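Now for the letters of each chain:
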Amino acid sequence: MNALVALCHFCELHGPRTLFCTEALHPPSPSPSSQAGPSVPGDRDRDGDREGEGLTMRANSSATQRGEMCEGCRSLPASHPGFVSIDDETGIRFLSHQHPRQPQLFSVVRQACVRSLSCEVCPGREGPIFFGDEQHGFVFSHTFFIKDSLARGFQRWYSIVMVAMDRIYLINSWPFLLRHLRLTIQSLQSTALKVFDNEQGVCPQRAVRMNSVFSPAVFPHQRSGNAARSLTSLTQHPNLWASLHSSFSWLLKACGSRLTEKLLEGAPTEDTLVLIERQTEQEEEMSCWEGAEGGGTKSQRHQSESELGHYFLYEDVKLDELPGPKFRSLRHLRQVLGAAEFRQLAWHVLMGNQVILRGADPGLIQSAFTVLKSLLPVGCVRSVPYSAQYEEAYKCNFLGLSPDVAIPTHVSSSEFSVLVDVSSERGCQISAVGEDNISSLYQFTISSANTQPTDRGPSLLNKLEVALSNENLSVDVVSHCLLCLKEEWMNKVKVLFKFSKVDSRGREDTQKVLALLGTTGPGEEDNVRLLKFWMTGLSKTYKSHLMTAVRGGERSPSQ
């Protein structure tokens, strides 16, 4: 990651100062001369170490030329070569010293330090904040206090800043940076608090100051000349700077490998947009939980996290990682259930009805949900893979239940739900028949109060069944066929949403559009229900884009 992490301190005598800085030095591109002859790995490593030491020595010498520093403004002595860590995978060297090695970076970090400890602070003067511009870089800053028995107000002001030129990358990394920087800050604060309590126990400074005559001119000397104490003395940590070098180096490496660029051919699909939105919402929710003050007790947050973990058990697990027997594909599920039962189940899935699987094997139920969810856009999927109690349909359209859970009467009598009971065959063992022979191990009973015929439509299901019944088509070919069908119908959904919801056209005009989209005729009712259900899966990005375009078009004639 092309960024830099620095620890800053507000000195009572000299103002904002940079204490410690870690930057990443990328390996140079191979030159033609280096490609001509082979090099010995040991020599190359020794040259890299000498290069890193030389860079930190030059940085230290340039820093000392800028002026004398007190004990509180200094981290490493002038003779210290700094710290160098090498990433064996990428060849990146992480260099740490008091100041950056380049003069341009020195001014950038200096400005970030001054702003983070003066004007760019959040309410309460402790916490994260983001600022910067294209010229001087963008800064993620987290200010905090360290306890000191000899300081004004018994605390000193510090900040950790990350400087980068990529604003979008830095903003997207906000939850990650906040979570891990707080761990470092809390470690420093807890260590310094122990030292503070010990010093106060030996000589309480509050009583000493109240009994002495106050004079601003001699105030630093009234504290035995220790107006500026180093962070090492405040924490009594003998390997403080080596520890910070390890933390900052890992932060740069992890933050750089956390987000990667991916080349997309064409415009992003609706599934991609929905996944991005969900990831953003999850990161914001985690950030709110970690940063909430007075918005809920720790036990309440822990309970919410455990509930989420319970609901989304097996949610991100791949089929190969699930234990026991499992469904491998839609064709496999169709072969086990039978053509008529599979069509009934798939019809309920496409119509948006709640699909309930009740059984004692969570892995089998989750594998069934995994293959069934491929029928829908990502935005239409709300899943509770396995639960010990019934969840309402507005919470999930895929629900896995343990065998002893009773279905409420209003659900079992509703035409908008389907129940699949999975019971084990007596006397059958997995080792005897094999995991793939699910029909010999389990019995599936499908029940629903729906009275509408499921053999007419929708058209998407008719085409999918033709592909599934064709044994000449492999599973991968069927998957690509389903992907094309979903994209085709998502385009129809977008047209209908634009026409009916955004433009607010009448029923007759909407009927003409449906005929133009090829959704009329046999199975028309099912096609319309599918389109309306899939409308709920459109991304917020697409909906807001349409509404913005329409409002802009309405304002343009008047302007």
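A. Geometry of helix α19 (residues 507–516). Buried within α19 we find Thr510, Val513 and Leu514. The arc that holds the buried residues of α19, viewed along the axis, is 100°, so those residues lie on one side. Among the exposed residues of α19, those oriented more than 90 degrees off its buried face are Glu508, Lys512 and Leu516.

B. Main features of the pattern of salt bridges. Under the counting rule described, the total for this entry stands at 10 salt bridges. Among the ionic pairs, glutamate 270 bridges to lysine 494, the shortest N-O distance being 3.6 Å. With glutamate 270 in helix α9 (residues 270–291) and lysine 494 in helix α18 (residues 475–502), the pair connects residues that are 224 residues apart, well separated along the chain. Residues lysine 492 and glutamate 488 are paired through a salt bridge, measuring 3.5 Å at the closest nitrogen-oxygen approach. One end of the pair is lysine 492 and the other is glutamate 488, both in helix α18 and four residues apart, which spans about a single turn. For glutamate 488, a relative accessible area of 30% puts it in the partly exposed group.

C. Layout of the sheet that holds strand β7 (residues 155–164). Read from one edge of the open sheet, seven strands run β3-β4-β2-β1-β7-β6-β5, paired in antiparallel fashion. Only two strands of the sheet have a single partner each, and these edge strands are β3 (83–86) and β5 (127–133). Neighbour-to-neighbour, the strand axes of this sheet turn through a mean angle of 20°, independent of strand direction. The pairing of β3 with strand β4 (residues 93–97) spans four bridges and is antiparallel. Its bridge partner being in β4, isoleucine 86 is matched across the sheet by arginine 93. Relative to the sheet, helix α5 (residues 174–202) contacts β5, β6 (137–147) and β7, its axis offset from that of β6 by approximately 25°. Contacts from helix α8 (residues 240–258) reach β1 (3–11), β2 (15–25), β3, β4 and β7 within the one sheet, and its direction differs from that of β2 by about 55°.

Calculation rules
- Residues numbered from 1 in each chain as written.
- Predicted model: local features only at pLDDT ≥ 70, side-chain atom pairs only at ≥ 80, totals over all residues.
- Heavy atoms only, no water.
- Buried < 20%, exposed > 50% of the residue type's maximum accessible area, 1.4 Å probe, protein only.
- Helix = DSSP H or I, 4+ residues; strand = E, 2+ residues; numbered from the N terminus.
- Arc of directions from axis to C-beta.
- Salt bridge = Lys/Arg side-chain N within 4 Å of Asp/Glu carboxyl O.
- Pairing = 2+ DSSP bridges.
- Axes fitted to C-alpha atoms, helices over the stretch in contact; angles between N-to-C directions.
- Contact = heavy atoms within 4.5 Å.

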